[in-house]
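As a plain string of letters, each chain reads:
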Amino acid sequence: MRVEFIKMHGLGNDFVVLDARETPLPAAMTPQVAAALADRHTGIGCDQLIVLEPAKDADFTMRIYNHDGGEVEACGNATRAVGMLAGGNARIATSGGLLETRASEGGIAVDMGEPRLDWDTIPLAYAMDTLSLPVGWDGLEHPVAVNVGNPHIVFFVEDNDVVQLDQLGPEIEHDPLFPDRINVNVATIEDRHTLRLRVWERGAGLTRACGTGACATAVAAMRRGLTEREVTVHLPGGPLVIGWGEDNRITMTGPAAESFRGTFDWSEYS
Ligand SMILES: N[C@H](CCC[C@H](N)C(=O)O)C(=O)O
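Residues numbered from 1 in each chain as written. Predicted model: local features only at pLDDT ≥ 70, side-chain atom pairs only at ≥ 80, totals over all residues. Heavy atoms only, no water.

Caption draft 1: Just the environment of His152, in detail. You can see His152 is positioned in strand 12 (residues 151-156). Separated by 30 residues in sequence, His152 and Ile182 have C-alpha atoms that sit 5.5 Å apart. Beyond its immediate stretch of four places on either side in the chain, His152 contacts Ile122, Val144, Ala145, Val146, Ile182, Asn183, Asn185, Cys210, Thr212, Gly213 and Ala216. Within the structure, the side chain of His152 is placed 3.0 Å from the side chain of Asn185, a separation counted as a polar contact. (Helix = DSSP H or I, 4+ residues; strand = E, 2+ residues; numbered from the N terminus. Contact = heavy atoms within 4.5 Å. Polar contact = N/O pair within 3.5 Å; in protein donor to acceptor, adjacent residues only side chain to side chain.)

Caption draft 2: Geometry of the confidence of the model for the protein. Mean pLDDT for the protein: 97, with 100% of residues reaching 70 or above. The complex prediction reports pTM at 0.98, with the ipTM value standing at 0.96. (pLDDT = per-residue confidence, 0-100.)

Caption draft 3: Layout of the site of the ligand. In the vicinity of the ligand, 15 residues are found, and the nearest of them are Asn66, Gly76, Glu201, Arg202 and Thr212. Look at the ligand: alone it shows 360 Å² of surface, and the protein chains cover 100% of it. Those elements that place two or more of their residues in the shell around the ligand are helix 2 (76-85) and helix 4 (211-223). Here the shell around the ligand is built from residues that sort into four nonpolar, nine polar and two charged. If you count residues domain by domain, the shell around the ligand takes at least three from each of domain 1 (2-110 + 256-268) and domain 2 (119-248). (Near = heavy atom within 4 Å. Areas by Shrake-Rupley, 256 points an atom, 1.4 Å probe, with all protein chains shown as cover. Nonpolar A, V, L, I, M, F, W, Y, C, P; charged D, E, K, R; others polar. Domains from an automatic or database assignment.)

Caption draft 4: Spotlight on the pattern of salt bridges. Taken as a whole and judged by the stated rule, the model has 15 salt bridges. We note a salt bridge from Glu71 to Arg63, for which the minimum N-O separation is 2.8 Å. Judged by its relative accessible area of 30%, Arg63 is partly exposed. Bridged by salt links that share partners, the residues Lys7, Asp14, Arg40 and Asp47 form one connected network. (Salt bridge = Lys/Arg side-chain N within 4 Å of Asp/Glu carboxyl O. Buried < 20%, exposed > 50% of the residue type's maximum accessible area, 1.4 Å probe, protein only.)

Caption draft 5: Up close: the packing of aromatic side chains. Scanning the model with the defined rule gives six aromatic pairs in all. Seen from their ring centres, Phe5 and Phe264 are 6.4 Å apart, and the 40 degrees between their planes marks the pair as tilted. Within this pair, whereas Phe5 is found in strand 1 (residues 2-10), its partner Phe264 is found in strand 19 (residues 257-265), the two being separated by 259 residues in sequence. Pair check on accessibility: Phe5 and Phe264 agree, each one buried. Feature note: the residues Phe5, Phe260, Phe264, Trp266 and Tyr269 constitute an aromatic cluster, connected by ring pairs. Above the plane of the ring of Phe60 lies Arg21, whose end atom (NZ or CZ) is 4.8 Å from the centre. Above the ring of Trp244, the side-chain terminus of Arg229 is found at 4.1 Å from the ring centroid. (Phe/Tyr/Trp six-rings, centres within 6.5 Å; stacked < 30°, edge-to-face > 60°. Lys NZ or Arg CZ within 6 Å of the ring centre and 35° of its normal.)

Caption draft 6: Quick look at the UniProt feature "binding site: substrate" (unreviewed entry) in the protein. In this numbering, the UniProt entry assigns the feature "binding site: substrate" (unreviewed entry) to Asn13, Gln48, Asn66, Gly76, Asn77, Asn150, Asn183, Glu201, Arg202, Gly211 and Thr212. Relative to the helices and strands, Gln48 resides in strand 3 (residues 48-53). When its relative accessible area of 1% is taken as the criterion, Gln48 is described as buried. Here Gln48 is in contact with Asn13, Asp14, Phe15, Val16, Ile64, Tyr65, Asn66, Cys75, Glu201 and Ala204, once residues within four sequence places are set aside. Within the structure, the side chain of Gln48 is placed 3.1 Å from the side chain of Asn13, a separation counted as a polar contact. In this fold, Gly76 is placed in helix 2. (UniProt positions renumbered as here; feature names shortened; annotations may be inferred.)

Next up, the structure:
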């Protein structure tokens with residue numbers, strides 16, 4: 001059975017979107033099918049696979065599968081992409097919570113909700129001060145831990161361009177300190193309004209941008225008093241504007257784009 005897909009991206013963090021709001025998929029999505037579709041050699045290829053489904057008390061449900069097939073709670077760049085697909089303004093139910101998008105002159109603005117800062121909400125395996133974990137890996141020391149629907153740690157370094165994130169990322173991602181694994185952010189503060197960020201994503205590896213990583217890194221910098229409460233985060237794929245309001249809610253604003261549309265034969269991937 002042929003299934004339609006929409007190829008999209010947010011600053012080069014790319015997605016295959018399956019819109020099952022009107023027509024259900026031939027069968028329930030599984031980690032195996034998601035990984036097969038995400039494979040850049042034998043599949044369509046993407047960092048995350050996104051499935052849109054009907055929702056009771058939202059416009060629709062967004063399910064997120066990483067490149068490795070694992071289903072996860074949040075994806076900031078994909079939220080902007082499907083918000084754009086829905087015309088800009090959308091209320092989107094995810095397993096990480098309800099997200100609201102609106103059209104903005106910067107592209108799409110997303111209310112990402114409130115960060116979770118306690119060790120057991122990241123989650124960590126042990127009670128720790130999440131503002132400065134007493135751990136380190138080869139020069140990456142004392143990270144901040146933040147959950148923005150999904151789990152992140154954030155290292156601040158002099159020059160994040162020289163960090164061997166392709167080697168350190170998987171080691172940290174799979175450390176037993178992180179029962180649900182972790183997204184690894186390495187950031188450099190440029191000034192009180194500007195950060196540079198590179199991300200090793202849980203289940204996807206190095207990506208050109210990570211929306212939730214930008215949110216987690218901005219909150220981490222603000223918690224440490226390193227920046228103002230609105231910053232521009234420069235990722236390899238481009239900039240995102242992140243604010244953390246007095247209402248404790250995070251706003252992420254940035255572009256989203258559709259690349260192309262196509263179809264695939266479901267039976268070849270299941
Ligand atoms: N790798 C993330 C999901 C995608 C996050 C990223 N693509 C974003 O834009 O937020 C995780 O396992 O929690």
